[in-house]
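Fold and contact review
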Amino acid sequence: SSTQTPTLSFSSPNNNSTIYSDNVDISLSIENFTVGNGTGDGHIHYSVDGGGTIMKYDTDDISLTGLTEGAHSVVVSLVDNSHNALDPAVESTLNFTVDLPTQVSDLSGLRSAQEGEAITVTGEIILTYKQSFRNAKVFQDASAGIYVDDNSGVITTSYDLGDGVSGLTGTLSSYNGLLQFTPISDAGAASSTGNVITPVTLTLGDLSAGAESYESQLVKVEGVTATGNDGETTFINGKIYTLTQGTDTFPMRTTFYNFSGEDLPTSAFDLEGIINERSGVGLHLAPRSYSDLTLSIISFDNLELAIYPNPVQTKLNFLGLSSPVQATVFDMLGKRQLQSEVTNSLDVSQLKSGLYMVEIKNENSAKVFNIIKK
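We now turn to the structure provided with this report. All residue numbers here refer to positions counted from 1 along the written sequence of the relevant chain. Where local features are concerned, this predicted model is filtered to residues with pLDDT of at least 70; where side-chain atom pairs are given and counted, the filter is 80 or more; whole-chain, interface and lining totals use all residues. In computing side-chain properties, one takes all heavy atoms of the structure into account and sets aside hydrogens as well as water.

We now examine the overall build of the protein chain. What counts as a helix is a DSSP run of H or I of at least four residues, what counts as a strand is a run of E of at least two, and both are numbered from the N terminus. Each helix and strand counted, the protein chain has 2 helices and 28 strands in total. On C-alpha atoms alone, the protein chain measures out to a radius of gyration of 33 Å, which is more than a quarter above the 21 Å that the 2.2 N^0.38 rule sets for 374 residues. Considered along the principal axes of its C-alpha atoms, the protein chain spans approximately 120 × 40 × 35 Å. By definition in these notes, contact holds between two residues if any of their heavy atoms fall within 4.5 Å. Sequence separation of at least 24 residues holds for 58% of the intrachain contacts in the protein chain that already meet a minimum separation of 6. As displayed, the protein chain has an accessible area near 18300 Å², and 45% of this comes from carbon and sulfur atoms. Charge counting treats Lys and Arg as positive and Asp and Glu as negative, with His and both chain ends excluded. For charged residues, the charge sits on one atom: NZ in Lys, CZ in Arg, CG in Asp, CD in Glu. One finds the centroid of the 18 positive side-chain charges in the protein chain at a distance of 25 Å from the centroid of its 43 negative side-chain charges. Two things to know: the radius of gyration comes from C-alpha atoms, and the globule rule equals 2.2 Å times the number of residues to the power 0.38. Accessible surface is estimated by sampling points in the Shrake-Rupley manner with a 1.4 Å probe; for residues, cover comes only from the protein chains shown.

Take a look at the structure:
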């Protein structure tokens, strides 16, 4: 037997930790003491929640099952082969709390649950976005969406976009207004693959009035334009932009840092993204990458377009354009005389008097008007 002082401690779980299961394995760390059944320095006595003494003749984990919710304590001590406490006594107490997860069937139920409480989403949820930063993931089902913040890397299974996951367990909290779910266990293999989430199509007016009810869901807006709040003409990560649709506006932010300096479209476009929230901007639309943008197909054939005045002296006005177009002025020999991006009007004061053709053009369509310059 060793002449050094025996020590006893718990290597897991940590003291005063919360266990989200009715089963727990308690690992012991014992030094300078050989545990055996009459063959070593002695053995172990332990009790659970003040109950009777249990003898243990090995250093395997103490496995407790069927624990009730609430506070528990395990007292472990080293004794000699005659069951007498060592002198001085070597004893340690582990305190922990069992929090059995509340079961909810879908993400709507999760979003209305209590923050801080352990919750299991029993139904299947679909992965709509993931990134390496904080191992973040966004899930959605037919009822709602949720942002998963997994900074500790608890989810070790690798999921692809469109994968279904069942039985995800974690706790809710809010960060800068965004409701987040922090996982406390890995949910295991995907329950299905290749699912397609169809974004709900909304207007910017819908979002201005009630974006909160779409938080962490995939949405789509159509025929919007974007302007940089600091005059940007490109997409810069972490920047706020203003989306405009008619008289309505709504903020967009490159929150997921997946842009590479692409140009802001100069004409209307359709946009998918996830409704996110953070301090400084509040609720906003966060496209996952540039591929979430689609240039709107605006055909001039479907628009009531007009120009005035004609004949024109200085300024030619365009009626019916909702987004910028390229305007090119040709003389009657087809030689280009003037080119500019316009939405409302074009300065033609530099043109000589005569007959001209004005072509307006976007990515999808073109239209030609004849004008007389006075």
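Structure shown, so let's carry the discussion forward.
Let's shift gears to the layout of surface pockets. To find leftover empty space, one rolls a probe the size of a water molecule over the atoms. Cavities and pockets were defined on a 1 Å grid built over protein atoms only: a cavity is a set of grid points that admits a 1.4 Å probe from which the probe cannot escape, a pocket is an open set flanked by protein on both sides within 12 Å along at least five of seven lines, and lining residues are those with an atom within 4 Å of any such point. Grid points are joined across faces, edges and corners, and a volume is the space filled by probe spheres set on the points. When its volume is computed, the largest pocket comes out at roughly 350 Å³. Around the largest pocket sit 16 residues that line it, and Phe133, Tyr147, Tyr175, Gln180 and Arg278 are the ones nearest its centre. Every element with two or more residues in the lining of the largest pocket is listed here: strand E14 (178–183) and strand E19 (269–278). The element that contributes the greatest number of residues to the lining of the largest pocket is E19, accounting for 3 residues. Per-class residue counts for the lining of the largest pocket are 6 nonpolar, 5 polar and 5 charged. When residues are grouped by polarity, Ala, Val, Leu, Ile, Met, Phe, Trp, Tyr, Cys and Pro land in nonpolar, Asp, Glu, Lys and Arg in charged, and all others, Gly among them, in polar.

Pairing of aromatic rings covers Phe, Tyr and Trp, the last counted by its six-membered ring, and requires centre-to-centre distances within 6.5 Å; plane angles under 30 degrees mean stacked, over 60 mean edge-to-face, and any other angle means tilted. Going through the model one piece at a time under the given rule, you end up with 4 aromatic pairs. Through successive ring pairs, a cluster of aromatic residues spans Phe235, Tyr241, Phe259 and Tyr290.

What follows concerns the pattern of salt bridges. We count a salt bridge whenever a side-chain nitrogen from Lys or Arg sits within 4 Å of a carboxyl oxygen from Asp or Glu. What the rule picks out here adds up to 9 salt bridges. Here Asp292 ties to Arg288 by a salt bridge, and the two come within 2.9 Å at their closest N and O atoms. Taking the relative accessible area as the measure of exposure, Asp292 reaches 7% and is therefore buried. Since its relative accessible area comes to 15%, Arg288 is described here as buried. Salt bridges sharing partners connect three or more residues here, namely Asp230, Glu232 and Lys239. Accessible area is worked out with a 1.4 Å probe on protein chains only. A residue is then buried under 20% of its type maximum, exposed over 50%, and partly exposed in between.

Where strand E1 (residues 7–12) meets strand E3 (residues 24–31), 5 bridges bridge the pair, whose relative direction is antiparallel. Pairing of Leu8 across the sheet is with Ile30, part of E3. Pairing between strands requires that DSSP locate at least two bridges from one strand to the other. Where E3 meets strand E6 (residues 62–64), 3 bridges bridge the pair, whose relative direction is antiparallel. Residue pairing across strands places Val24 opposite Leu64, the latter belonging to E6.

Take a nonpolar patch on the surface next. Together, Met332, Leu355 and Ile372 make up a nonpolar patch on the protein surface, roughly 270 Å² of accessible area in all. Within the secondary structure, Met332 sits in the loop between strand E24 (325–331) and strand E25 (336–342). The exposure class of Met332 is partly exposed, given its relative accessible area of 45%. Each patch is built from residues lacking any salt bridge and having more than 30% relative accessible area; the joining distance is 9 Å for like charges and 5 Å for nonpolar side chains (Val, Leu, Ile, Met, Phe, Trp, Tyr).

Counting through the fold element by element, Leu285 comes out in strand E20 (residues 282–286). Along the backbone, Leu285 and Gln245 are 40 residues apart, and their C-alpha atoms lie at a distance of 14 Å. Excluding anything up to four places from it in sequence, Leu285 contacts Val219, Val221, Leu243, Phe250, Pro251, Met252, Arg253, Leu271, Gly273, Ile274 and Ile275.

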